[in-house]
Amino acid sequence: LLLSLTLGAGAGDGREEGVRVIWMMQGKKAMDLSFLRSPASDAIQVVWGEEPGPEWEFTYHLPNSTCAEGRNYLLQKAVALSAETGVVYEYYIYTEDDAELEEILDFGLNTGDPYRTFERYLSVYRPAVAFPFNGYGLPDPQDEEVVTACWWDHLMVAFHRETL
């Protein structure tokens, strides 16, 4: 489920076409990011521990970096990739190597792939900031499909490009 702050567009406004996103993973060691990639999504990662080998495409090493340093570095790399390729990312999604999504309820937008479902919610609701439901002090997801939130866990969070 998507919890969001609205940027101006919303459900039912006719803007349900897909969005282009970039997933930005941070972790101790390199991992296969193919589950994050699709025709509408790219993925990059920064590794703070063991240096990755050359076989890891779009993987950067920032040894002993903090979470904030890693996220700032990932954003710089994502913006550079956008400039280099001409791809305009509507959402920049930060995530950690131990974060996993699953589809727990279906309000009609599920795709069978929780990462594509999250992207679909971004496409339909166009929030300024969004994150999947994590169960901490928020309304029961059986009662609310999408809610406005004033705080969130930074484990996985999407920022619209206009918020950067």
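Residues numbered from 1 in each chain as written. Predicted model: local features only at pLDDT ≥ 70, side-chain atom pairs only at ≥ 80, totals over all residues. Heavy atoms only, no water.

**Q** Looking at this structure, I do not really get the overall build of the protein chain. What am I missing?
**A** For the protein chain, the count of helices and strands is 2 helices and 8 strands. Mapped in sequence order, the helices and strands of the protein chain form the string β-β-β-β-α-β-α-β-β-β. Restricting the contact set of the protein chain to residue pairs at least 6 apart, pairs at least 24 apart contribute 62%. With the model as given, the accessible surface of the protein chain reaches about 8500 Å², and the carbon-plus-sulfur share is 50%. (Helix = DSSP H or I, 4+ residues; strand = E, 2+ residues; numbered from the N terminus. Contact = heavy atoms within 4.5 Å. Areas by Shrake-Rupley, 256 points an atom, 1.4 Å probe, with all protein chains shown as cover.)

**Q** Looking at this structure, how should I read the packing of aromatic side chains?
**A** Two aromatic rings are characterised by how far apart their centres lie and by the angle between their planes. Applying the stated rule across the entire model yields 7 aromatic pairs. For the ring pair Phe35 and Tyr115, a centre distance of 5.2 Å and an interplane angle of 70° mean the geometry is edge-to-face. Linking Phe35 in the loop between β2 (21-27) and β3 (41-47) with Tyr115 in helix α2 (residues 114-125), this pair joins segments that are 80 residues apart in sequence. Summarising the aromatic geometry, the rings of Tyr89 and Tyr92 are spaced 6.0 Å apart at their centres and angled 75° between planes, so their arrangement reads as edge-to-face. With a relative accessible area of 1%, Tyr89 lands in the buried category. Linked through ring pairs, Trp23, Phe35, Tyr115 and Phe118 together constitute an aromatic cluster. (Phe/Tyr/Trp six-rings, centres within 6.5 Å; stacked < 30°, edge-to-face > 60°. Buried < 20%, exposed > 50% of the residue type's maximum accessible area, 1.4 Å probe, protein only.)

**Q** Could you clarify how one ought to interpret a negative patch on the surface in this entry?
**A** There is a patch of like negative charges on the surface, built from Asp97, Asp98, Glu100 and Glu102. Residue classification places Glu102 among the exposed positions, given a relative accessible area of 63%. (Patch = residues over 30% accessible without salt bridge, like charges linked within 9 Å, V, L, I, M, F, W, Y side chains within 5 Å. Salt bridge = Lys/Arg side-chain N within 4 Å of Asp/Glu carboxyl O. Lys, Arg positive; Asp, Glu negative; His and termini not counted. Charge placed at Lys NZ, Arg CZ, Asp CG, Glu CD.)

**Q** Would you take a moment to explain the pairing of strand β5 (residues 91-96) for this structure?
**A** Note on strand geometry: in a regular strand, side chains alternate between the two faces of the sheet. Counting buried residues along β5, 6 of its 6 residues qualify, which places the element largely inside the surrounding structure. Taking every second residue as pointing to the same face, both faces of β5 are buried, with Tyr91, Ile93 and Thr95 on one and Tyr92, Tyr94 and Glu96 on the other. Examined bridge by bridge, β2 and β5 share 6 bridges and lie parallel to one another. Directly across from Val21, in β5, lies its bridge partner Tyr91. As paired strands, β5 and strand β8 (residues 156-160) are joined by 5 bridges and run antiparallel to one another. Bridge assignment links Tyr91 to a residue of β8, and that residue is His160. (Pairing = 2+ DSSP bridges.)

**Q** When you look at the side chain of Thr95 in this model, what are you seeing that I'm missing?
**A** Relative to the helices and strands, Thr95 resides in strand β5. For Thr95, a relative accessible area of 2% translates into the label buried. Leaving out residues up to four positions away in the same chain, Thr95 has contacts with Trp23, Met24, Met25, Gln26, Arg71, Leu155 and Met156.

**Q** Quick question: what am I supposed to make of unusual backbone geometry here?
**A** Most peptide bonds take the trans configuration, and most residues that are not glycine carry a negative phi. For Phe58, which is not a glycine, the phi torsion comes out positive at approximately 55°. Looking at the element boundaries, Phe58 is found in the loop between β3 and β4 (59-61). By relative accessible area, which is 32% here, Phe58 ends up partly exposed. Of note, the phi angle at Asn64 is positive, near 55°, even though the residue is not glycine. One can find Asn64 in the loop between β4 and α1 (67-85).

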